[in-house]
Amino acid sequence: MGDLVIGARSGAGEPEGPGGRVTRSAESSAPSAAVEDAAAQTADEHGTGADGPAEPPRPESGPAEESESEAPAKPRKQRSFLKELPILVGIALILALVIKTFFVQAFSIPSESMQNTLQVGDRVLVDKLTPWFGAEPERGDVVVFHDPGGWLNDEPAQQSSNSFVRGVQDVLSFVGLMPSANEKDLIKRVIAVGGDTVECKDDGPVKVNGVALNEPYIYAGNTPCGTQPFGPIKVPNGRIWVMGDHRADSLDSRFHMDQPGGGSVPVDNVIGRAFVVAWPVSHWSTLPVPDTFDQKGLAAALPVAPPVAGAVGAVALLPLVRRVRARTERRKES
């Protein structure tokens, strides 16, 4: 029963009698001191007193707001891999097409003309970037080039009889993952460039600008000239003289001397330089320029007369330039 004391009213009891009711009614009609104190305290808390303007009450966060802030964020729904697969395939094809067009392209070796450097069925990667910056083929480079005309007239197109296989080959060749069966391209080694004089008599050796080449890359048992001695021939500017490493089985520049350019190939026909054998893995190797093409005196002698004449002319005109400059300064001063 002690717990009920908390709810009991404290204070002395009201006196009974006639004055008691009057006194209570009068006290109820006027605010008591306690009520006034409570009102003053409330005004002070809300700032409505004489000390200053009222401050707006600060909002308190309720239970709803707390529950919203504490609720975990819903995870985003990820796209299905099957929906993203076509996008990834499209990006891969675009990148492959760009790489094939401007950077690197794969080519297949169809013949034995470059043995033993390259075997039939090898896949080589060809650098197509440097020609965009004006780089031209150099002596010793292994290059892929378009048929300059008449070199592959008798070569049949290597296409499959299966229409599905042909379609796959066309798509892969379009993006540069396979060589095209319709394109007639060749791969040979550059022996001489524009301005060089090249020749090969009897059993050799091949000479460029009178310098004999030591050619360790020639197929074993072949002679440098093969069955077709030639020269001396001066290679026109903007063209190259090419030969296969398998001299006895390569229809190269030696066999097209009756055509325009005397057997040489236009530099504009060059697709790029083969720099690595990428497939099969067992044949992987780089294709550097042999040391024989680093010999001194191999490069054609540059004409000396024009530079010398230009230097002499510049020295002769120097006094005239000084006189003109002096006259100009005098006019400005006057």
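Per chain, residues are indexed from 1 in the order of the written sequence. Given that the model is predicted, a residue must reach a pLDDT of at least 70 before its local features are reported, and side-chain atom pairs must reach 80 or more before they are shown or counted; all residues, however, enter totals for whole chains, interfaces and linings. To get the side-chain values, take all heavy atoms of the structure and skip hydrogens and water.

Peer 1: Quick question: what am I supposed to make of the packing of aromatic side chains here?
Peer 2: For any pair of aromatic rings, the description rests on two quantities: the centre-to-centre distance and the angle between the ring planes. A pair of Phe, Tyr and Trp rings is counted when the ring centres sit within 6.5 Å of each other, with Trp represented by its six-membered ring. The angle between the planes then sorts it: under 30 degrees is stacked, over 60 is edge-to-face, the rest tilted. Inspection of every chain in the model, using the stated rule, returns three aromatic pairs. With centroids separated by 5.8 Å and ring planes inclined at 90°, the aromatic side chains of Phe145 and Trp151 adopt a geometry described as edge-to-face. Here Trp151 falls in the buried class, since its relative accessible area comes to 7%. Only when the NZ atom of a Lys or the CZ atom of an Arg is both within 6 Å of the ring centre and within 35 degrees of the ring normal do we say a charge sits over the ring. Over the aromatic face of Tyr217 sits the side chain of Arg189, whose NZ or CZ is 4.1 Å from the ring centroid. Three exposure classes are used, based on accessible area relative to the maximum for each residue type with a 1.4 Å probe and protein chains only: buried under 20%, partly exposed in between, and exposed over 50%.

Peer 1: It is not clear to me how the state of the cysteines should be interpreted in this structure. Could you clarify?
Peer 2: Note on terminology: disulfide describes a covalent bond linking the sulfur atoms of two cysteines. A pair of cysteine sulfur atoms is labelled a disulfide when the two atoms are within 2.5 Å. For the coordinates displayed, the defined rule picks out one disulfide. Two residues, Cys200 and Cys225, share a disulfide whose sulfurs are 1.7 Å apart. Across the S-S bond of Cys200 and Cys225 the torsion is about -100°, and the bridge reads as left-handed. Of this pair, Cys200 sits in strand β5 (residues 197-200) while Cys225 sits in the loop between β7 (211-212) and β8 (230-234), placing them 25 residues apart in sequence. Exposure remark for Cys200: the relative accessible area of 1% places this residue in the buried category. Helical segments are the DSSP runs of H or I of at least four residues, strand segments are the runs of E of at least two, and each set is numbered from the N terminus.

Peer 1: What is the right way to look at a nonpolar patch on the surface in this model?
Peer 2: Judged by side-chain polarity, Phe81, Leu82, Leu85, Leu88, Val89 and Leu93 come together as a nonpolar surface patch covering roughly 570 Å² of accessible area. Position of Val89 among the secondary structure elements: in helix α4 (residues 81-102). Of the residues examined, Val89 reaches a relative accessible area of 41% and is grouped as partly exposed. To count toward a patch, a residue needs a relative accessible area above 30% and no salt bridge. Like charges then connect within 9 Å, nonpolar side chains (Val, Leu, Ile, Met, Phe, Trp, Tyr) within 5 Å. Note on areas: Shrake-Rupley with a 1.4 Å probe; residue coverage comes only from the protein chains shown. By salt bridge we mean one thing: a side-chain nitrogen of Lys or Arg within 4 Å of a carboxyl oxygen of Asp or Glu.

Peer 1: Can you help me understand unusual backbone geometry in this one?
Peer 2: Excluding glycine, a negative phi dihedral is what most residues carry, and trans is how most peptide bonds are arranged. Asn116 follows Gln115 through a cis peptide bond whose omega is -5°. The residue Asn116 is located in the loop between β1 (104-108) and β2 (123-127) in this model. Between Trp279 and Pro280 the backbone carries a cis peptide bond, its omega angle lying at -5°. With respect to the helices, strands and loops of the structure, Pro280 is situated in the loop between β11 (270-279) and β12 (285-286).

Peer 1: Where do I start with the side chain of Asp127 in this structure?
Peer 2: Topologically, Asp127 is positioned in strand β2. As a buried residue without a salt bridge, Asp127 has its nearest oppositely charged side chain in Arg273, at a separation of 5.0 Å. Any pair of N or O atoms that falls within 3.5 Å is considered a polar contact. Within protein, one atom must be able to donate a hydrogen and the other to accept it, and sequence-neighbouring residues count only if both atoms are side-chain atoms. Separated by 2.9 Å, the side chain of Asp127 and the backbone nitrogen of Leu129 make a polar contact. Polar side-chain contacts of Asp127 include one of 2.9 Å to the side chain of Thr130. Whether two residues touch is decided by their heavy atoms; if any such pair falls within 4.5 Å, the residues are in contact. If near-sequence neighbours (up to four positions away) are discounted, Asp127 is found in contact with Phe103, Ile271, Gly272, Arg273 and Phe275. Charge convention: Lys and Arg are scored as positive, Asp and Glu as negative, and His as well as the terminal groups of each chain are ignored.

Peer 1: How should the environment of Asp196 be read in this particular structure?
Peer 2: The residue Asp196 is located in the loop between β4 (185-193) and β5 in this model. Along the backbone, Asp196 and Gly210 are 14 residues apart, and their C-alpha atoms lie at a distance of 9.6 Å. A polar contact of 3.0 Å, which involves the side chain of Asp196, links it to the side chain of Asn209.

Peer 1: Any chance you could explain the nonpolar core here in plain terms?
Peer 2: Buried together is how nonpolar side chains tend to be arranged in soluble globular proteins. Counting residues in hydrophobic clusters, the biggest one holds 18 residues, and the most contacted among them are Ile191, Val198, Val206, Val208, Leu213, Phe230 and Trp241. Only β4, β5, β6 (206-208), β8 and β9 (239-243) provide two or more residues apiece to this core. With residues near it in sequence (within four places) discarded, Val208 still touches Arg139, Ile191, Ala192, Asp196, Thr197, Val198, Leu213 and Leu298. Think of a nonpolar core as a cluster: buried Ala, Val, Leu, Ile, Met, Phe, Trp, Tyr and Cys residues, connected wherever their side-chain atoms sit within 4.5 Å. Residues Ile109, Ile187, Ala274 and Val277 belong to the second largest nonpolar core, which totals 13 residues.

Peer 1: Hey, could you run me through the pairing of β5 in this one?
Peer 2: For a regular strand, side-chain orientation follows a simple rule: the groups alternate between the two sheet faces. Covered by surrounding structure in β5 are Val198 and Cys200 only, the residues Thr197 and Glu199 on the alternate face being uncovered. Two strands pair under a simple rule: DSSP has to find at least two bridges between them. Examined bridge by bridge, β5 and β8 share three bridges and lie antiparallel to one another. Across the sheet, the residue bridging to Val198 is Ile233, located in β8. Here three bridges tie β5 to β6, and the two strands are oriented antiparallel to one another.

Peer 1: What am I meant to see in the side chain of Asp252 here?
Peer 2: Mapping Asp252 onto the fold places it in the loop between β9 and β10 (265-266). For Asp252, the residues in contact, after removing those within four places along its chain, are Trp151, Lys188, Val242, Met243 and Gly244.

Peer 1: Help me understand the sheet that holds β5 in this model?
Peer 2: Strands belonging to one sheet form pairs held by backbone hydrogen bonds; the direction of such a pair is parallel or antiparallel. Here we have four strands laid out as an open sheet, ordered β7-β6-β5-β8, and antiparallel in their pairing. The outermost strands of the open sheet, each flanked by one partner alone, are β7 and β8.

Peer 1: For this particular structure, what's the right way to read the confidence of the model for the chain?
Peer 2: On average, residues of the chain score 74 in pLDDT, and 56% of them are at 70 or above. The least confident element of the chain is helix α1 (residues 18-29), whose mean pLDDT is 41; the most confident is β9, at 97. Considering only residues more than four positions removed or in separate chains, one finds that residues 1-35, a stretch of pLDDT under 50, has four contacts. Confidence of the predictor at the level of single residues is captured by pLDDT, which takes values from 0 to 100. Scored below 50 in pLDDT, residues 46-52 shows eight contacts in the model against residues more than four places distant or in partner chains.

Peer 1: Just checking my understanding: could you explain the pattern of salt bridges for this structure?
Peer 2: If the charged atoms of two oppositely charged side chains come close together, the side chains can form a pair. Throughout the structure, instances matching the rule amount to four salt bridges. Taking the shortest distance from any N to any O, the salt bridge between Arg189 and Asp245 comes out at 2.9 Å. Placement of Arg189 in strand β4 and of Asp245 in the loop between β9 and β10 is noted, with a sequence separation of 56 residues between them. For Asp245, a relative accessible area of 0% translates into the label buried.

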